[in-house]
Amino acid sequence: MDIAAVLPLLTAEDYTISREIIQRGFGALFLIAFASAFNQFPALLGERGLTPAPRFIALTTAAQAPTLFRWTRFPYSDARLRLVTVIGMVLAASAIIGLPQAGPAWAPIPVFLAMWALYFSISSIGQRFYGFGWESLLLEAGFLVGFLGSHEVAPSLLMILLLRWFVVRVEFGAGMIKMRGDSSWRDLTAMDYHHQTQPMPGPLSRLAHLMPTWWHRSETLGSHIVQLIAPWLLFLPQPIASFAAAAIIITQLALVVSGNYAWLNWATILLACSGISDSFFRWIAGGPFPEWGWNSVIDTVTGAEAAGSGQQTALPLWWAILIAVFVAWQAWLNVPALRNLFSPTQLMNASFNRWGLGNAYGAFGSMTETRDEIIVEGWIAPDEAGSGEGDPDESSPGEDGGTAGGAAGWREYRFKGKPGDVERISPLIAPYHLRLDWLMWFAALGDYRQAWFSRLIERIGSGDEQIRRLMGPDPFDGRAPELVRVRVFTYRYATRAERRAAAAAGAGRPWWVRSNPRILVRPTDLRVD
């Protein structure tokens, strides 16, 4: 067997643009992830956090939660955590500007593996605050994309195919979770609720929710078509694979503008770029329509292309062997995920080994049809808070869920992203991740029984500075409230007619309408003496 004749078949020289997008793009997502940890980890999980990481490390083993912070010479501290994130951000910035890609073929590998190891050390001790599918998605992708190599070599076809299989696990896995889960996905009514009840809506979510019924049916059907069919088309010749990838990217962009899912959608977009050839990108930019893929294969096998161009396109033998061994190892790790895709008891966002490689992914296997929001309020006596009257026992709400206490007395603690103020338009936060805001959505679904939530209320009640920085404007300018209470409201989007009526009456135009207030935590003094 002539090895030299096989090597050109393992070369994907028409995917250099995709490689640039993928490597630099995941560098940007790692930068955001490390920045998020720098800003939020100490308050949520640090030495004085809601669920302290040092205690978690002491109660678990290295097999349960592998992390750099188990090293006796590098035990966890908030300062060391921030040092790790700064190093991670520097590495990520180097990938964004292309420094490792300009070096030898192997140069991107240690850079991306170092980012993986550092972020894995953070995520593995992140407990509930890091229990999101996009954490493992970023980590697994970061482990892989360095093996696309630098500019010194063409991308390997085996790596391109491995990344396309990754897209299958993400997209097809999500589609099968939906079909096997909530009946609303099967009867095409899921999108009647999704935009209103999703964890953290965006500025266009209300508009999307108020679209007609036929639009929502089309959204749901389109989601099924793209998630269940398009990923498999990535394995067909070009330009079919590129069109399939474009369909996935377009649907992910629709999710980007209509919700806030941290870097989930952007990571999926980057992975889907593995299906788009350089020729397709040039066609989008005004070039000729790309050739059919099987013609290129025939030319490569017969040697016609090499003879015509006089250029050597084959991978170096040592690099081809390294990539082949790596992809074979990954294929073995992916066997449980393959079985899971076709299992009637399919798992969602599950890892099958301690290093989080070859995972199962998915989202929204069940659909909530109503939206509850937890509202935390503080009270300070009127002589301290300003003019007006307030009664700490006053809890009878008005039609909008407000109280009769006036400007003084009960005031609502606002969060940076989650709904609260009924007049505030939902912000666009992603790809940044507001972990506390996201968990508040889960708290309304029942997570309020967990320790992190009770500690959060205690910290708010004591005026904790770290927690205040993670939230919106402080209604008491840093002072601890005399009393804290927690209520739950049912939220829905205001209709166009309701907004017009409010404007005509000279009132603020509501983005949300809230009703059905319930007491979750009665007024309590949580100040620290």
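As shown above, the structure is provided for reference.
These figures come from a predicted structure and were not determined experimentally.

J.: So what about the side chain of S121? Which residues, and what values?
T.: Positionally, S121 belongs in helix α5 (residues 108-123). Aside from chain neighbours lying at most four places away, what touches S121 is P66, T67, L68 and F69.

J.: Outline the side chain of H209, listing residues and values.
T.: As for its position among the elements, H209 is in helix α10 (residues 205-209). Overall, the relative accessible area of 16% leaves H209 in the buried class. Each residue touching H209, except ones within four places of it in the same chain, is listed here: D192, H195, Q196, H216 and Y493.

J.: Give me the lowdown on the packing of helix α6 (residues 133-145) against helix α7 (residues 157-180), citing residues and values where you can.
T.: Two elements in contact, α6 and α7, have axes whose closest approach is 11 Å; the angle formed by their N-to-C orientations is 170°. When the interaxial angle is binned, α6 and α7 end up roughly antiparallel. When α6 is examined against α7, the residues L137, E140, A141 and L144 are found in contact with a partner set consisting of M159, L162, L163, F166, R169 and V170. Here the residues of the contact of α6 with α7 sort into eight nonpolar, no polar and two charged.

J.: Please provide a residue-by-residue account of unusual backbone geometry, values included.
T.: Note that the residue after Q238, namely P239, is joined by a cis bond; omega there is 5°. With respect to the secondary-structure elements, P239 resides in the loop between α12 (230-233) and α13 (240-258). Going from A430 to P431, the amide bond is cis rather than trans, its omega being 10°. Its place among the elements puts P431 in the loop between β2 (409-412) and α21 (435-444).

J.: Help me get a handle on empty space enclosed by the protein, residues and values and all.
T.: Following the criterion strictly, the structure yields two cavities of 30 Å³ or more and no others. Quantified by volume, the largest cavity comes out at close to 60 Å³. In terms of lining residues, the largest cavity is bounded by I374, I375, V376, E412, Y413, R414, F415, K418, P419, G420, D421 and R424. Sorting elements by how many residues they give to the lining of the largest cavity places strand β1 (residues 371-380) first, with three residues. Grouping the amino acids of the lining of the largest cavity by side-chain chemistry returns six nonpolar, one polar and five charged. For the second largest cavity, the calculated volume is near 40 Å³. Y413, R414, R468, M471, G472, P473, D474 and P475 together form the lining of the second largest cavity. For the lining of the second largest cavity, the residue count by class is four nonpolar, one polar and three charged.

J.: Give a description of the environment of D421 that names residues and reports values.
T.: Turning to its location among the elements, D421 is positioned in the loop between β2 and α21. Placed 90 residues apart in sequence, D421 and W511 show a C-alpha to C-alpha distance of 8.7 Å. Within the structure, the side chain of D421 is placed 3.5 Å from the side chain of R414, a separation counted as a polar contact. Among the polar contacts made by the side chain of D421, one reaches the main-chain amide nitrogen of E423 at a distance of 3.0 Å.

J.: Describe the environment of D474, and please don't skip the residues or the numbers.
T.: With respect to the element layout, D474 can be found in the loop between α23 (465-470) and β3 (483-493). In this structure, D474 is in contact with Y413 and R468, ignoring residues within four places of it in sequence. Within the structure, the side chain of D474 is placed 3.1 Å from the side chain of R468, a separation counted as a polar contact.

J.: Any details on α6? Residues and values, ideally.
T.: End to end, α6 covers 18 Å across 13 residues, agreeing with the expected 18 Å (1.5 Å per residue, within 8%). The element α6 is extensively covered by neighbouring structure, given that 13 of its 13 residues are classed as buried.

J.: Give a description of the packing of aromatic side chains that names residues and reports values.
T.: According to the stated counting rule, one finds 38 aromatic pairs in the structure shown. Between W116 and W355 the ring centres are 6.3 Å apart and the planes differ by 55°, which places this aromatic pair in the tilted class. Of this pair, W116 sits in helix α5 while W355 sits in the loop between α19 (335-341) and β1, and the two are 239 residues apart along the sequence. On the basis of an interplanar angle of 70° and a centroid distance of 5.8 Å, the ring pair of F243 and W283 is categorised as edge-to-face. One end of the pair, F243, is in helix α13; the other, W283, is in helix α15 (residues 278-284), with 40 residues separating them in the sequence. Through a chain of ring-to-ring contacts, three or more aromatic side chains come together here, namely F30, F34, F41, F69, F74, Y76, Y119 and Y130. The ring of W511 carries R206 above its face, with NZ or CZ at 5.2 Å from the centroid. Directly above the aromatic system of Y130 lies the positively charged group of R435, at a separation of 3.6 Å from the ring centroid.

The rules we used
Residues numbered from 1 in each chain as written. Predicted model: local features only at pLDDT ≥ 70, side-chain atom pairs only at ≥ 80, totals over all residues. Heavy atoms only, no water. Helix = DSSP H or I, 4+ residues; strand = E, 2+ residues; numbered from the N terminus. Contact = heavy atoms within 4.5 Å. Buried < 20%, exposed > 50% of the residue type's maximum accessible area, 1.4 Å probe, protein only. Axes fitted to C-alpha atoms, helices over the stretch in contact; angles between N-to-C directions. Parallel < 35°, antiparallel > 145°, perpendicular 65-115°, else oblique. Nonpolar A, V, L, I, M, F, W, Y, C, P; charged D, E, K, R; others polar. 1 Å grid on protein atoms, 1.4 Å probe; cavity = no way out; pocket = protein on both sides within 12 Å on 5 of 7 lines; lining within 4 Å. Points joined across faces, edges and corners; volume = space filled by probe spheres on them. Polar contact = N/O pair within 3.5 Å; in protein donor to acceptor, adjacent residues only side chain to side chain. Expected span 1.5 Å × (residues − 1). Phe/Tyr/Trp six-rings, centres within 6.5 Å; stacked < 30°, edge-to-face > 60°. Lys NZ or Arg CZ within 6 Å of the ring centre and 35° of its normal.

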